[in-house]
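# Close look at the chain arrangement
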Amino acid sequence: MLNTLQRIARFIDDLSERTGQVIAWLTLGTVLLTFTVVVLRYGFDSGSIAMQEAVTYLHAAVFMLGAAYTLKHDGHVRVDIVYRRLSARGQALVNLLGTLLLLLPVCLYILISSWEYVAISWNLREGSQEAGGLNAVFLLKTAIPVMAVLLMLQGSAIVLHSLLQLLGVAHLAGEAADREL
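These lines cover the structure that appears in this document, whether it is placed above or below. Because the structure is predicted, anything quoted here is derived from the model rather than measured.

### Brief notes about the overall build of the protein
A count of helical and extended segments in the protein gives six helices and zero strands. Secondary structure elements in the protein, listed N-terminal to C-terminal, are α-α-α-α-α-α. The globule rule puts the C-alpha radius of gyration for 181 residues at 16 Å, and the 20 Å found for the protein is more than 25% above it. Across the 181 residues that make up the protein, the buried fraction comes to 34%. Contacts in the protein between residues far apart in sequence, at least 24 positions, make up 75% of those at least 6 positions apart. Looking at charge distribution, the protein has the averaged site of its 12 positive side-chain charges lying 8 Å from that of its 13 negative ones.

Here is the structure:
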């Protein structure tokens, strides 16, 4: 049973890692596209609404779809004056309770409350309100529930890691993962 939990947690961690690595490339795309927009505007007195909107889409994708990767790497902002002084078991308990009582309910709320909003957008194949804009607002809005699902998955991995730590088998899981590499 514990091996199964460890494999599930590792699978979710790997999914978040791979997703984050793919999303990271969108950052480069955002920079290059922004550079192009600026050069066209100020160098050639030309512009493109579609390119400007694409920058917004890429920016949204990086932040929303990269949230689970950031969570996996403990990169979200938090006040850890007390947390960092806790033992590994204490930290695992805080992670477990925080995830179960805060992260997962908020993600579930975001998923449920955005579902109809996104479904309507897909039904309409909602596009830009600007002439020459991208006709893919429905895809941009889809990032909202996808973000919630990715965060819920990574939150589930945190719950599993925390439970394994509290059961005293987390160090064994880490050693087994190290041997596999």
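### With respect to the nonpolar core
Counting residues in hydrophobic clusters, the biggest one holds 14 residues, and the most contacted among them are L65, M147 and L151. Secondary structure elements with two or more residues in this core: α2 (49–65), α3 (67–72) and α5 (137–166). Each residue touching M147, except ones within four places of it in the same chain, is listed here: M64, L65, A67 and I110.

### Let's talk about the packing of aromatic side chains
Counting across every chain of the model gives one aromatic pair. Plain terms: the ring middles of W122 and F138 are 4.7 Å apart, the flat faces sit at 75 degrees to each other, and that makes the pair edge-to-face. In this pair, W122 is assigned in helix α4 (residues 88–124) and F138 in helix α5, connecting sequence segments 16 residues apart. Residue classification places F138 among the buried residues on the basis of a relative accessible area of 10%.

### Let's talk about α5
Between its terminal C-alpha atoms α5 stretches 44 Å, which fits the 44 Å expected from 30 residues at 1.5 Å a residue. P145 marks the point of greatest bend in α5, at about 25 degrees.

### Observations concerning the pattern of salt bridges
Following the criterion strictly, the structure yields two salt bridges and no others. Close ionic contact of E17 with K72 constitutes a salt bridge, the shortest N to O distance being 3.0 Å. Placement of the pair is E17 in helix α1 (residues 2–44) and K72 in helix α3, with a sequence separation of 55 residues. E17 gets classed as buried once you look at its relative accessible area, which sits at 19%. Residue classification places K72 among the partly exposed residues on the basis of a relative accessible area of 27%. Between E126 and K141 there is a salt bridge whose closest N-O contact spans 2.7 Å. Separated by 15 residues along the polypeptide, E126 in the loop between α4 and α5 and K141 in helix α5 bring together distant segments of the chain.

What counts, and at which threshold
- Residues numbered from 1 in each chain as written.
- Predicted model: local features only at pLDDT ≥ 70, side-chain atom pairs only at ≥ 80, totals over all residues.
- Heavy atoms only, no water.
- Helix = DSSP H or I, 4+ residues; strand = E, 2+ residues; numbered from the N terminus.
- Rg over C-alpha atoms; globule rule 2.2 N^0.38 Å.
- Buried < 20%, exposed > 50% of the residue type's maximum accessible area, 1.4 Å probe, protein only.
- Contact = heavy atoms within 4.5 Å.
- Lys, Arg positive; Asp, Glu negative; His and termini not counted.
- Charge placed at Lys NZ, Arg CZ, Asp CG, Glu CD.
- Core = buried A, V, L, I, M, F, W, Y, C linked by side-chain atoms within 4.5 Å.
- Phe/Tyr/Trp six-rings, centres within 6.5 Å; stacked < 30°, edge-to-face > 60°.
- Expected span 1.5 Å × (residues − 1).
- Bend = angle between axes of the 7 residues up to and from the residue.
- Salt bridge = Lys/Arg side-chain N within 4 Å of Asp/Glu carboxyl O.

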